[in-house]
Protein chains: 4
Amino acid sequence: MAPGQARANEQGGDIRERLASVRALTEALAAPLSDADATLQSMEDASPAKWHLAHTTWFWETFVLRQHAPGYRLFDARWPFLHNSYYEAEGARIARFARGLLSRPSLADVLAYRAYVTEAMMALAGDPALNGLIALGIAHEQQHQELLLTDIKHALWSNPLGPGMWELANQREEGPSPRADLGWHTFPGGMARIGHEGPGFAFDNEAPLHRVLLEPFALAKRLVTNGEWADFIAAGAYSEPQLWLSDGWSWVQREGVKAPLYWRGEEAFTHAGWQPRYADAPVTHISYYEAEAFAAWAGARLPSEYEWEAIAQGAHDASGGNQLDAAGPVLPRGGTALFGDCWQHTRSAYLPYPRFRPAAGAVGEYNGKFMSGQMVLRGASCATPRGSSRTSYRNFFYPHQRWQFAGLRLAKDL
Amino acid sequence: MAPGQARANEQGGDIRERLASVRALTEALAAPLSDADATLQSMEDASPAKWHLAHTTWFWETFVLRQHAPGYRLFDARWPFLHNSYYEAEGARIARFARGLLSRPSLADVLAYRAYVTEAMMALAGDPALNGLIALGIAHEQQHQELLLTDIKHALWSNPLGPGMWELANQREEGPSPRADLGWHTFPGGMARIGHEGPGFAFDNEAPLHRVLLEPFALAKRLVTNGEWADFIAAGAYSEPQLWLSDGWSWVQREGVKAPLYWRGEEAFTHAGWQPRYADAPVTHISYYEAEAFAAWAGARLPSEYEWEAIAQGAHDASGGNQLDAAGPVLPRGGTALFGDCWQHTRSAYLPYPRFRPAAGAVGEYNGKFMSGQMVLRGASCATPRGSSRTSYRNFFYPHQRWQFAGLRLAKDL
Amino acid sequence: MAPGQARANEQGGDIRERLASVRALTEALAAPLSDADATLQSMEDASPAKWHLAHTTWFWETFVLRQHAPGYRLFDARWPFLHNSYYEAEGARIARFARGLLSRPSLADVLAYRAYVTEAMMALAGDPALNGLIALGIAHEQQHQELLLTDIKHALWSNPLGPGMWELANQREEGPSPRADLGWHTFPGGMARIGHEGPGFAFDNEAPLHRVLLEPFALAKRLVTNGEWADFIAAGAYSEPQLWLSDGWSWVQREGVKAPLYWRGEEAFTHAGWQPRYADAPVTHISYYEAEAFAAWAGARLPSEYEWEAIAQGAHDASGGNQLDAAGPVLPRGGTALFGDCWQHTRSAYLPYPRFRPAAGAVGEYNGKFMSGQMVLRGASCATPRGSSRTSYRNFFYPHQRWQFAGLRLAKDL
Amino acid sequence: MAPGQARANEQGGDIRERLASVRALTEALAAPLSDADATLQSMEDASPAKWHLAHTTWFWETFVLRQHAPGYRLFDARWPFLHNSYYEAEGARIARFARGLLSRPSLADVLAYRAYVTEAMMALAGDPALNGLIALGIAHEQQHQELLLTDIKHALWSNPLGPGMWELANQREEGPSPRADLGWHTFPGGMARIGHEGPGFAFDNEAPLHRVLLEPFALAKRLVTNGEWADFIAAGAYSEPQLWLSDGWSWVQREGVKAPLYWRGEEAFTHAGWQPRYADAPVTHISYYEAEAFAAWAGARLPSEYEWEAIAQGAHDASGGNQLDAAGPVLPRGGTALFGDCWQHTRSAYLPYPRFRPAAGAVGEYNGKFMSGQMVLRGASCATPRGSSRTSYRNFFYPHQRWQFAGLRLAKDL
């Protein structure tokens, strides 16, 4: 996920509050972590929590303060090399797989860096000329909040002790969904307006607004559940090549995949360690390949991203459902809202919309450069900061990746 | 590339002639090869020429003779294991990378196999009930004719001696195109009808016919040339990350890519060995990543497969241009026809059309299973058997692959 | 295996006969092979038969003819690049793993090359000044005769059809050894004279002659058999880490090793295809790791190379036993001679003898450079040309390699 | 490196003091490290500092307390899985490359574990029946003290900031050696007594004492220096295949090696970060391949381990020279003592001595199992705890490994 371009003025009134709140939430998410926890990189796809804390800060320093704050001095001139993610225009950077070798700067050093930059940003924020850029920085930091959560989950799971970072207060607070018939949202076919236009913030890859012709289809009213996935396993699906895409079957065999990531017996790994798995909760941590095979097994298919968006434009609230409000354990709980719980695999490759133009300059260097080999996921997950999801939001991952809260919602032709 | 489903009756009158002619052309293409030449597998993507000769024969045996020829006896019961490509429903098969370890059966054995099966097929052909299936087999064998040519080209290139399999009679017979302004085919925007419907043969992945809404765009009247590619290299494009997709840039660095495949100094490798390279001939043997970077550098973009097809539905003859008529050296010569010379990269991922249904049974098991991770190419190349290309034909390869005759034709928004 | 230095004059009288005979035997060994058979390279460790035919010829051309035959013209100036094995001083060469990509030059071309060079050599041979060099070339070609046999065996085994290159006339001609008590050769301890000195030919790595102090030990009078190996397997040895060297256990797990190479059910692969396996025949095609684990399981150990040589200096005939006399299937048959049937693993790393000096010039560039990471095997195998083995001969391979006729003879302390 | 067997009673009088002192030194070495520093694993060969702290403690718990301390309760029953190194007889264990994924237990937890186990050990120590086992545990922990230092050095070097863990008080305190003629220790040839026998502690791989016949030779009186290595580089040695063993040349090319590990411009990395490199200090952090190539270039050779030991049996004090006395930066300083500064590569493969018997039980399961593929180094380094080195001590590493303080001392034939 990469930041794009702020497309319009945000209302200046509360941008300082939003900025302060976002900076504080990032720190709250990392608060249970020790220096060592925050240093771990358990695979190349993931980054250390400390890196997320620092990279989001580097982003403000590089794209706002360095250019717009007169007399601003870098916190440490050696650090941009460590905290640049992939911005070629911003110069050399540490290899991605080596982010986990950085015991220094320490967590305390990084928190001091955050305080220094937040203070400088608070002095700038409020200038209407910077609202677009600040809205972008906020969206960027919110993306990294979700990644911080999914990356540290993978790191803690990699430890045979299975440590948690939070305790579950009351997992059953919200009742799980009944394991009932799906129910379907339907669309009669015709023209849909897809993408973002207007005053609110969106990334460049959501634009421009354009029309797409859709055939009649239906989209399930709820997500596929753990219980349904257990049936899929029991039916031998992981041993049946005819259910799988060719690349997916190669992946299953090469990696010895037999179940979703984070499953073990009747348990699933969570930010609160190993916990019982509920049959009625949405299945998560599945790859595109798995989602596609399940849909084939179920006699259905995945929706396209256009279909998903067309349904979402109805009475569905992008700020609703089970999304992240505050630091604490995040769990898919089985709600039926279109947003929340988990990202939903689509059959759409991540490609540019017609007349797509990447934003100018380094800050907008990228979304476009990732438009190859990845698939689009739509919606929002229980780890998505509430307020950062949009009907037009396009998330994207490689088809084998599973460490995000990714599940599926079936579709069918009408 | 995988075979799909015959959608309609072919006219029975000449199907026996077509069958005989296709069988003969395959053998003519392999005629200059020694037993050892025909055994080589120079990379996992490629197959030995002998394997193509045998696999196309296995196809007739497995999907037609075994089921429709009463009393048919397999030529050798041990061979299906060797010559099945990827049909899971047809049982176990040799690992793809091990196809090059088969010095036995010999080329002579395989030619005897071909004669045996062709004779059995000629006895069956003419039964109208089999016309659809035979049309499919013909299309399948034609696909493998092109692969035989591109695979053996790679194998011969891998030999430091750079041997050719044919001589060039007169490379300049057709004059190269002038290096002139591009010229553009334009489309005013609106609804396009995409895909195949009707009585002729097509693969299942070309169906169903459906409507797609297109924005106004233009498609270049000619292909990008070797000379233009040399300018791209001279401009330092292979060292400039900002021109590349992220995956493409990783590929360039990992593989040390500096030019199209088969370039060496001022020469290019051909079926007639190393030959001078003509500036005005179309550039070929480039990956999707390279095509995409070139388009970015040129201030243009790649067309979508829908855009390409919408233009092709005009006065463009899918049987025209520089395509394969007979055994002999195949060379892009710089014509301006929409079909021929080289396949053309599009920005479209290879995905199912709306309401796509894979054909039933093993024979139609696949096109669908390859719908992940690959990109669509359109048109036809100088190695495509004339008559096998169609306006709706969808070729597909992974974005790093280069051993096909693949080039590009620029597009732009209007 | 690499050639070294001829240490003394050979008797000039029959060197022309020996040369002619060796050249003819190499060709006889390849006579059953088709052009395609002779082109196969089934793994990086192995080379195509055609390559052995050509490389041994290149050796004569490079180290004898080019320097000593006035006016000699290279057969083809492009071929040294293809047929140099690893002589850095002789310039660039094709990558080892790419030897299997050479369908050209053809087998017929290579045989013509052989005839051309043999003729030139026959004109030179007889000059006493060249006897040492010619003896080296003969020894070199004999080494490659054995490699040709073991490499083509691997290639044919890699074909699921399991083709043979010869028929077994009468496998039982020599009766297998009784499965009896081992019996032991003993050595009372004391000084042994190790290595080569004197007028006969030897490689540089066999020199200089030196003394080694040995403790009292015993060496088994026969080789370990297939039947004993089956007991080792039945005892669960391939699942018992405590029997294995650490590197060996990693190898067993990584490669999934469960039996010697070329075993399948009750059969073993031979140059005559799959054949029944005899319990009393010596086990072969085992790695050093396996030999070491078997010895540990059997409560014995492997001999050192010095121990082996000390025993061999008794009444053991290096030209005796089951060695290669003529083209035809080679099979370990269970004799009890110290030489023949199979090479015998020792616990000695392949390292220089005290005061070892590599031979001067490119021809003697190497034996020394391989003195790292490999283990010494002693004796001779059923594929070793009779007359090329010596009491002081040191064969060497990496501890995981199995494609040679390598077995074991137990030792113990006294 | 693996522990072996205590061969004799240690004097009971001060074993409690030695135990306490060793436990304290381990902790002092780790004292400058943060929790995050102590968690880093920068390559598979290395382990986190925290793991060394815990593994040495597990060793006492597993091999002494669990068996000899009545009523002893494991500190945490889940931890043996984490802290077993390679003892198959002690059950399953975490994969070696995953040791760096353990942010928990924390450094504080591990220090509490150490205190708990040290206290239990102090209660046991003094019982003469346990003296042998305790001597073994002390030797084991001393080995890990050196590894802790070399592993954390690699981890800190992997950080682009190049942090140090200590400051250099006065690097020049001891003057560097003059860059003078080598001078030679000589040995006239004859029988040498090699290995350990007698009352003191030694590992099982140092036994039994046995005789080896040596040719006359000389061993340099000082180590090869950084300045001499710079000359080797300047002479183009890293580009000259003829100087290298075949495996070594492959390694140089594959890894792009151009200098010793930890060299950068005129600096070298130390536990005090990047520091100027002194020409007269011994070169360290070189592989066996590099040592071998240097010796070839210098017209000398490496000594065998027997030669080294024969010289060391003279008036050379195994407790002398530049070895580790207390926590603080360790640096090769250029002394000429036979022990200290750096381990010295030998040309001897790490193999069993005649009549070698591995110690019984899990504790002595191993030294023997590593006797394959590794080379012996002799002496001691600046990171070797003084008192743990012996004339008969055999250190061993793979020929490509460089992260130890390994250098070379030339030898030559007389």
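Each residue is numbered by its place in its chain's sequence as written, counting from 1. Lettering for chains starts from A, numbering for ligands starts from 1, and both go in the order in which the items are written. Per-residue local features of the predicted model are confined to residues with pLDDT of at least 70, and side-chain atom pairs are confined, for both listing and counting, to 80 or more; whole-chain, interface and lining totals are unaffected and use all residues. Note: side-chain values were computed over all heavy atoms of the structure, leaving out hydrogens and water.

A separate point is the interface of chain D and chain A. Contact between two residues is taken to exist if any of their heavy atoms lie within 4.5 Å; hydrogens are not considered. Taken together, the contacts link 27 residues of chain D with 27 residues of chain A. Accessible surface is computed with a 1.4 Å probe, and the buried area is the amount of it that two parts give up when combined, taken over both parts together. When chain D packs against chain A, the two sides together hide about 2100 Å² of surface, and 63% of this comes from carbon and sulfur. When the buried surface of chain D facing chain A is broken down by residue, Leu101(D), Arg104(D) and Leu161(D) rank first, second and third, together holding 33% of it. By convention in these notes, a salt bridge is any Lys or Arg side-chain nitrogen within 4 Å of a carboxyl oxygen on Asp or Glu. Where chain D packs against chain A, one counts 2 salt bridges. Among the salt bridges present, the one from Asp37(A) reaches Arg104(D), with a minimum N-O distance of 2.7 Å. Counting of polar contacts relies on pairs of N or O atoms within 3.5 Å, with two restrictions inside protein: one atom must be capable of donating a hydrogen and the other of accepting it, and residues adjacent in sequence are counted only when both atoms are side-chain atoms. The interface formed by chain D and chain A includes 6 residue pairs in polar contact (both at pLDDT 80 or more).

Quick look at the relation of the copies chain D and chain A now. In this comparison the copies share one frame, found by least squares on the C-alpha atoms of residues holding pLDDT of at least 70 in both. Under the fitted operation, chain D is carried onto chain A by 0.0 Å of movement along the axis and a turn of 180°, and the coordinates agree to an RMSD of 0.0 Å. Taken together, these values place the two copies in the relation of a two-fold axis. Residue Ala36(D) of chain D places its C-alpha closer to the rotation axis than any other residue of that unit, at 2.0 Å. When you check the interface residues of chain D against chain A, 100% turn up at the interface there too, and the contact is symmetric in its surfaces.

A few words on the environment of Gly273(A). All names here are of chain A. Mapped onto the secondary structure, Gly 273 falls in strand β7 (residues 273-276). Classification of Gly 273 by relative accessible area gives buried; the value is 2%. Along the chain, Gly 273 and Gly 164 lie 109 residues apart, while their C-alpha atoms are 4.2 Å from each other. Setting aside chain neighbours within four positions, we find Gly 273 in contact with Gly 162, Pro 163, Gly 164 and Ala 268. Only DSSP runs of H or I with at least four residues qualify as helices, and only runs of E with at least two residues qualify as strands; both kinds are numbered from the N terminus onward. Accessible area is worked out with a 1.4 Å probe on protein chains only. A residue is then buried under 20% of its type maximum, exposed over 50%, and partly exposed in between.

The next point concerns unusual backbone geometry. At the junction of Arg104(B) and Pro105(B), the peptide bond is cis and its omega measures out at -5° in the coordinates. Note that Pro105(B) resides in the loop between α3 (80-83) and α4 (107-124). A positive phi angle, near 60°, is found at His285(C), a position not held by glycine. By secondary structure assignment, the location of His285(C) is in the loop between β7 (273-276) and α8 (288-297). Among the residues examined, His285(C) registers a relative accessible area of 2% and is labelled buried. Of note in this structure, Asp341(C) is not a glycine but carries a positive phi near 70°. Residue position: Asp341(C) is located in the loop between α9 (305-312) and β8 (343-349).

The next thing to look at is the interface of chain B and chain C. On the side of chain C, 27 residues touch chain B, which itself brings 27 residues to the contact. Between chain B and chain C, the buried area comes to about 2100 Å², and carbon and sulfur atoms account for 63% of it. Contact with chain C buries area across many residues of chain B, yet Leu101(B), Arg104(B) and Leu161(B) alone supply 33% of it, more than any other trio. At the boundary of chain B with chain C, the tally comes to 2 salt bridges. Here chain B is connected to chain C by 6 residue pairs in polar contact (both at pLDDT 80 or more). For this classification, Asp, Glu, Lys and Arg are treated as charged, while Ala, Val, Leu, Ile, Met, Phe, Trp, Tyr, Cys and Pro are nonpolar and the rest, including Gly, are polar. Residues that form the side of chain B that touches chain C fall into these classes: 14 nonpolar, 9 polar and 4 charged.

Take the relation of the copies chain B and chain C next. With an RMSD of 0.0 Å, the fit of chain B onto chain C corresponds to turning through 180° and sliding 0.0 Å along the axis. With an isologous cut-off of 70% or more, the 100% of interface residues of chain B that recur at the interface of chain C puts this contact in the isologous class.

Here we take up the arrangement of the chains. With respect to C-alpha atoms, chain A approaches chain C no nearer than 14 Å, and the pair has no contact. At the C-alpha level, the nearest point of chain B lies 14 Å from chain D, with no contact between them.

It is worth spelling out the environment of Phe405(B) at this point. Mapped onto the secondary structure, Phe405(B) falls in the loop between β10 (395-397) and β11 (406-407). A relative accessible area of 1% places Phe405(B) in the buried class.

The next thing to look at is the pairing of strand β7 (residues 273-276) of chain B. Residue and element names in this part refer to chain B. Two strands qualify as a pair provided that DSSP identifies no fewer than 2 bridges between them. Two strands pair when backbone bridges link them, and strand β6 (residues 267-270) and β7 are joined in this way by 4 bridges, in the antiparallel orientation. Residue pairing for β7: Ala 268 is matched across the bridge by Gln 275. Joining the antiparallel neighbours β6 and β7 is a turn of 2 residues.

It is worth spelling out the sheet that holds strand β9 (residues 375-379) of chain C at this point. Residue and element names in this part refer to chain C. The 4 strands lie next to each other as β10-β9-β8-β11, forming an open sheet whose pairing is mixed. A strand with exactly one partner marks an edge of an open sheet, and here the two such strands are β10 (395-397) and β11 (406-407). With 4 bridges joining them, β8 and β9 adopt antiparallel strand pairing. Bridge pairing links His 345 to Leu 377 in β9.

All names here are of chain D. Mapped onto the elements of the fold, Phe 187 is located in strand β1 (residues 184-187). Judged by its relative accessible area of 14%, Phe 187 is buried. Residues Phe 187 and Leu 414, 227 residues apart in the sequence, show an inter-C-alpha distance of 8.6 Å. Every residue in contact with Phe 187, bar those within four places of it in the chain, is listed here: Ala 192, Leu 214, Glu 215, Pro 216, Phe 217, Ala 310, Ile 311 and Leu 414.

Residue and element names in this part refer to chain A. Residue ranges labeled as domains rest on an automatic or database domain assignment. Per the domain assignment, the segments of chain A are domain 1 (5-157) and domain 2 (171-413). The straight-line distance from the C-alpha centre of domain 1 to that of domain 2 is 26 Å. At the junction of the two partners, domain 1 supplies 37 residues and domain 2 supplies 40 residues. Contact between domain 1 and domain 2 buries roughly 3200 Å² in total, counting both sides, with carbon and sulfur atoms accounting for 65%. At the boundary of domain 1 with domain 2, the tally comes to 0 salt bridges. At the junction of domain 1 and domain 2, the tally comes to 12 residue pairs in polar contact (both at pLDDT 80 or more). Those elements that provide at least two residues to the side of domain 1 that touches domain 2 are α1 (15-30), α2 (49-68) and α5 (131-157). In the side of domain 1 that touches domain 2, the residues fall into 21 nonpolar, 8 polar and 8 charged.

Applying the stated criterion to the full structure yields 84 salt bridges over all chains. For the salt bridge of Arg114(B) with Glu27(B), the shortest nitrogen-to-oxygen distance reads 2.5 Å. Of this pair, Arg114(B) sits in helix α4 while Glu27(B) sits in helix α1 (residues 15-30), and the two are 87 residues apart along the sequence. Among the ionic contacts, a cluster of salt bridges with common partners joins Arg23(A), Glu27(A), Arg114(A) and Glu141(A).

In this section: the pairing of strand β8 (residues 343-349) of chain D. Residue and element names in this part refer to chain D. Burial runs high along β8: 7 of the 7 residues are buried. Judged by which residues are buried, β8 turns out to be covered on both faces: Trp 343, His 345, Arg 347 and Ala 349 on one side and Gln 344, Thr 346 and Ser 348 on the other are all buried. Note: β8 against strand β11 (residues 406-407), 2 bridges, orientation parallel. By the bridge assignment, Trp 343 is partnered in β11 with Ala 406.

The next subject is the sheet that holds strand β12 (residues 411-413) of chain B. All names here are of chain B. Reading across from one edge, β1-β4-β12 is the order of the 3 strands in this open sheet, with antiparallel pairing throughout. Unpaired on one side and paired on the other, β1 (184-187) and β12 mark the two borders of the sheet. Here the strands of the sheet are splayed against their neighbours by 20° on average, with no regard to which way each runs. Two elements, β1 and strand β4 (residues 217-220), share 4 bridges in a ladder whose sense is antiparallel. Paired with Phe 187 across the strands is Phe 217, a residue of β4. Axis geometry follows a simple rule: fit a line to the C-alpha atoms, using only the stretch in contact for helices, then measure angles between N-to-C directions, giving values from 0 to 180 degrees.

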